[in-house]
Amino acid sequence: MKIGVVTFPGSNGDTDCMEVLRETPGCEPVLLWHKSVDLEGADALVLPGGFAHGDYLRAGAIARFSPVMREVERFAASGGPVLGICNGFQVLTEAHLLPGALLRNREILFHCAWAHVRVSSTRSPWLAGIPEGSVLRLAVAHGQGKYYADGDTLQTLQERRQVALEYCDADGNLTPKSNHNGSERNIAAVTNESGNVLGMMPHPERSTDPLLGSADGRALFSSVVSALAGVGR
Amino acid sequence: MREWLGKITVVPKPAVNDPQGIAVLDGLHSLDFEEVRQVRVGKHLDVRLQAESQEQANEQLNVMCERLLANTLIESYEVRVEESDE
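What you see is a predicted model; the values in this text were computed from it and never measured.

J.: What is the right way to look at the overall build of chain B in this model?
T.: The helix and strand inventory of chain B stands at 2 helices and 3 strands. For chain B, the sequential pattern of α-helices and β-strands runs β-α-β-α-β. The dimensions of chain B, computed from C-alpha atoms along their principal axes, are 50 × 30 × 15 Å. Each of the 86 residues in chain B was classed as buried or not, and the buried ones make up 19%. Partitioning the intrachain contacts of chain B with sequence separation of at least 6 by distance along the chain shows that 68% fall at a separation of at least 24.

Listed below in structure tokens is the structure:
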């Protein structure tokens, strides 16, 4: 199973993604430069975190026009699993592959901490292997992660079960306090309508070792490998 | 073809919370500018471009705003065009 990790100038989560993918059974990671127009046969794609193109203008606004993005759009449209982590999530919203936008955190502060999220929908292949309602402990590190969409869009997202992860306390309760960045409805991750594209603010690739605080992030990568093996892609 | 100067202002939409604006408002209040009621922080872009006419320059700049310079989901923008003196 080949999984492509896209590197934009300013990405900083790509090597951690490569690392965890190398350690995921059945997975062969491949690094893709943002100027590449060939996905090298990848069965799934990861857009990692960082500050692509310096986050100039708006986070993700310039990265969206990197040559590789045309292929990413084509891949996503064909149903291929795409995961955008943090800055990658911002790129996917700017590219209109995911609804909504990520705004500056409610208190302006950059949050670098551990957060709990509840798995509220497992439609995405990246979450299909995790029981719904599970609580994951994942690293967050962002200044612009406050999920925003208008009221109608939020309603639709919930009705279509596109809200994938929600900030919660350790017991899975959606409390105002656990919503550290002020996201609408505690939203930490959403999918597109068909579920194959997932964007999330927390960092599963930085949550892969109990020694460092949590290994809950590994489940996403093993999940996509199982999902792909299941459909024989 | 002549050269024009597009002056573009991008600001967060009213429905979008603007913590930067709130922080600046607090700063102004702490300097005793009690009369300040609201601050919205946006950005300004000067774009020099070639176009046949002022109307055409204006049209091009609006397309640029829609496609890249503003995210119309969360931001509104305003375009003004002047004759470039450079």
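J.: It is not clear to me how helix α1 (residues 14-22) of chain A should be interpreted in this structure. Could you clarify?
T.: An α-helical turn contains 3.6 residues, so a residue and the one three or four places further along point in the same direction. Among the residues of α1(A), A:D14, A:D16, A:C17, A:V20 and A:L21 are the ones counted as buried. An end-on view of α1(A) places all buried positions within 160 degrees of arc, on one side of the element.

J.: What should I look at first to understand the nonpolar core in this one?
T.: Looking at soluble globular proteins, one finds that nonpolar side chains tend to be buried together. One finds A:L45, A:V46, A:L92, A:V117, A:A188, A:M200 and A:V224 to be the most contacted residues of the largest nonpolar core, which totals 72 residues. Examining the composition of this core, we find that 7 residues originate from one element, helix α5 (residues 218-231) of chain A, more than from any other. In this structure A:V46 touches A:I3, A:V5, A:C17, A:L83 and A:I85, once residues within four positions along its chain are discounted. Membership of the second largest hydrophobic core comes to 11 residues, among which are B:A57, B:L69, B:A70 and B:V79.

J.: Help me out: how do you make sense of the interface of chain B and chain A in this one?
T.: For interface size, the figure often reported is the accessible area lost on association. Counting from both sides, the interface comprises 9 residues of chain B and, opposite them, 10 residues of chain A. The leading source of residues in the side of chain B that touches chain A is helix α1 (residues 19-30) of chain B, at 3 residues. For the side of chain B that touches chain A, the class distribution of residues is 6 nonpolar, 3 polar and no charged.

J.: Looking at this model, I keep getting lost on helix α2 (residues 68-77) of chain A. Mind explaining?
T.: Residues and elements named next belong to chain A. Residues of α2 that are buried include every one of V68, M69, V72, F75 and A76, and no others. Buried residues of α2 fall within an arc of 115 degrees about the axis and therefore sit on the same side. Every exposed residue of α2 that faces more than 90 degrees away from the buried side is listed here: R70 and R74. Packed against the buried residues of α2 are β1 (2-7), β2 (28-33), β3 (44-47), β4 (82-85) and β11 (197-200).

J.: Teacher, can you tell me more about the sheet that holds strand β2 (residues 43-51) of chain B here?
T.: Within a sheet, each strand pairs with its neighbour through backbone hydrogen bonds, oriented either parallel or antiparallel. All names here are of chain B. Pairing within the open sheet is antiparallel, and its 3 strands lie in the order β2-β1-β3. Edge positions in the sheet fall to β2 and β3 (75-83), since each of these pairs with one other strand and no more. The sheet shows a mean angle of 25 degrees between the axes of neighbouring strands, taken without regard to direction. Direction of pairing for strand β1 (residues 2-12) relative to β3: antiparallel, over a ladder of 9 bridges. From the neighbouring strand, P12 faces β3, where its bridge partner is E75.

J.: Sorry, what's going on with unusual backbone geometry here?
T.: With the exception of glycine, the majority of residues adopt a negative phi angle, and the majority of peptide bonds are in the trans configuration. Positioned with a positive phi, A:L57 is a non-glycine residue whose angle comes to about 70 degrees. One can find A:L57 in the loop between β3 and α2. Of the residues examined, A:L57 has 17 C-beta atoms within 10 Å and is grouped as partly exposed. A positive phi is found at B:D32, a non-glycine position, where the angle reads about 75 degrees. Locating B:D32 in the fold gives a position in the loop between α1 and β2. For B:D32, a count of 7 C-beta atoms within 10 Å puts it in the exposed group.

The rules behind each value
- All chains use their own residue numbering, which begins from 1 and follows the written sequence.
- Chain A is the first chain written and ligand 1 is the first ligand written, with later ones labelled in order.
- Where totals are concerned, whole chains, interfaces and linings use all residues; where local detail is concerned, this predicted model gives features only for residues with pLDDT of at least 70, and gives and counts side-chain atom pairs only at 80 or more.
- Helix and strand assignments come from DSSP, with helices taken as H or I runs of at least 4 residues and strands as E runs of at least 2, each series counted from the N terminus.
- The burial label depends on the number of other C-beta atoms within 10 Å of a residue's C-beta. Counts of 20 or more mean buried, 12 or fewer mean exposed, and intermediate counts mean partly exposed, with C-beta atoms placed from the backbone.
- Residues are scored as being in contact if the C-beta atoms we place from backbone atoms lie within 7 Å.
- By construction, the arc corresponds to the directions joining the helix axis to the C-beta atoms.
- Nonpolar cores are built from buried Ala, Val, Leu, Ile, Met, Phe, Trp, Tyr and Cys residues. These are joined into a set through C-beta atoms within 7 Å.
- Amino acids outside the nonpolar list (Ala, Val, Leu, Ile, Met, Phe, Trp, Tyr, Cys, Pro) and the charged list (Asp, Glu, Lys, Arg) are all regarded as polar, and Gly is one of them.
- Only when DSSP finds a minimum of two bridges between them are two strands counted as paired.
- All axes here are fitted lines through C-alpha atoms, helices being fitted over the stretch that makes contact, and every angle between N-to-C directions spans 0 to 180 degrees.

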